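Structural features, examined
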Amino acid sequence: MATAVISTLDPKSRAAARGMSDIAIRNLFIIPTILFLIVFNIFPLLYSLGYSFTDFRASTNAPANFVGLQNYRELLNDPYIWNNFVVTAKYVIVSVVGQVIVGFGTAMLLNRDIPFKGLITTLLLLPMMLSMAVVGLFWKLLYDPSWGVINWALGLGKFQWLGDPDMALYAVAITDIWMWAPFVMLLSLAGLSAVPKHLYEAAAIDRAGPLYTFFRITLPLVAPILMIAIIFRTMEAFKTFDLAYVLSTQPSTEVISIRLYKMAFQEWQTGRSCALAYIVLIMVLAITNIYVKYLNKVKER
């Protein structure tokens, strides 16, 4: 028998005794959440947007003077800022591509009946549960040219991973791949487990090869959830700060988040830093929008 959905309060309940309606109870839970979001998210966002049009410096007591779009024009015409964006773009590409390859490849290996599958999966997920600063310090020891394990294992001698300007950015990206490839692996495993088994059985009957099965069955069906993983990891990689800041002080690893930090808290250019933060926000939104449009096309196939 179908049961009726309870839409009114029980007359014997405490809420009914206090004269509280369903709408009052709903508002009791929703309104504090909305107020929390307004106070801690929306208000600082709008407040910083106002400062981005001023020459305000938090280190002085001077009033904030309205300068219009001057901060944005100066930042967009600054070659040093564009170099930071180029460094960030390199980092994002290397990091996200590496995470997808390692994460999806590991998911393919785990998507079968193997001994201790649950334990292995849990152990592989441990890196993404650690603090970014802790991971940075840990890998800084591993990269040490004198007694680091990586140089010893690869037989590289005194190779300077973090001291070499051309290699430092890739070293930071490798660390990020180690930490966040399990996230891609986890989402990929969920997608692979949802692929209908009868498709593989039909492909086996038709004597389809492994490559044909992968590109015609596995990849198209897992592509939507893989795109979601790429979207999340691209946004996070674009905003990365902790790993690059802890691992290296090389100019070649100064991603845009580090430049933003230095501008805001070392040079105290508060107005300009707010403008730079909004430029970064617009770029992340634009990149994400492109990904979402491509994701919708993938889902329509």
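So, here's what we can say about the structure.

Rules used throughout
- Residues numbered from 1 in each chain as written.
- Predicted model: local features only at pLDDT ≥ 70, side-chain atom pairs only at ≥ 80, totals over all residues.
- Heavy atoms only, no water.
- Axes fitted to C-alpha atoms, helices over the stretch in contact; angles between N-to-C directions.
- Helix = DSSP H or I, 4+ residues; strand = E, 2+ residues; numbered from the N terminus.
- Left-handed = near helix turned anticlockwise from the far one by under 90°.
- Contact = heavy atoms within 4.5 Å.
- Nonpolar A, V, L, I, M, F, W, Y, C, P; charged D, E, K, R; others polar.
- Buried < 20%, exposed > 50% of the residue type's maximum accessible area, 1.4 Å probe, protein only.
- Salt bridge = Lys/Arg side-chain N within 4 Å of Asp/Glu carboxyl O.
- Core = buried A, V, L, I, M, F, W, Y, C linked by side-chain atoms within 4.5 Å.
- Phe/Tyr/Trp six-rings, centres within 6.5 Å; stacked < 30°, edge-to-face > 60°.

So, about the packing of helix α8 (residues 168-193) against helix α10 (residues 210-238). The axes of two packed helices give the description: the angle between them and the distance between them. Axis separation between α8 and α10 bottoms out at 9 Å; the angle between their running directions is 140°. Relative to α10, α8 is oriented so that their crossing is right-handed. Here D176, W180, F183, V184, L187, S188, A190, G191 and L192 of α8 come into contact with α10, specifically with T218, V222, I225, L226, A229, F232 and R233. Of the residues assigned to the contact of α8 with α10, the class counts are 11 nonpolar, three polar and two charged.

Before going further, it helps to examine unusual backbone geometry. Glycine aside, residues mostly have negative phi angles, and peptide bonds mostly take the trans form. Even without a glycine there, the phi angle at R207 is positive, about 60°. Notably, W268 is not glycine yet its phi reads approximately 55°, a positive angle. You can see W268 is positioned in the loop between α12 (256-265) and α13 (270-300). Residue class for W268 comes out partly exposed when judged on its relative accessible area of 33%.

On to the pattern of salt bridges, then. Tallied over the entire structure, the rule returns five salt bridges. Its salt-bridge partner being R272, residue E74 comes within 3.0 Å of it at the nearest N-O pair. Placement of the pair is E74 in helix α3 (residues 70-76) and R272 in helix α13, with a sequence separation of 198 residues. By relative accessible area, E74 is classed as partly exposed at 32%.

Below, the discussion takes up the nonpolar core. Core analysis: the biggest nonpolar cluster contains 57 residues, and F85, Y91, Y143 and L276 have the highest contact counts within it. For this core, the secondary structure elements donating two or more residues are α3, α4 (79-110), α6 (132-142), α8, α10, α11 (242-247), α12 and α13. Examining the composition of this core, we find that 11 residues originate from one element, α8, more than from any other. Setting aside residues up to four positions removed in sequence, Y143 forms contacts with I150, W161, L162, A171, I174, T175 and L247.

Here the structure, examined in full by the defined rule, presents 20 aromatic pairs. Ring centres 4.7 Å apart and planes at 40° place the aromatic pair F36 and F40 in the tilted group. With F36 and F40 both in helix α2 (residues 22-51), this residue pair falls four residues apart, about one helical turn. Through pairs of rings, three or more aromatic residues link up here, namely F138, W139, Y143, F159, W161 and W178.

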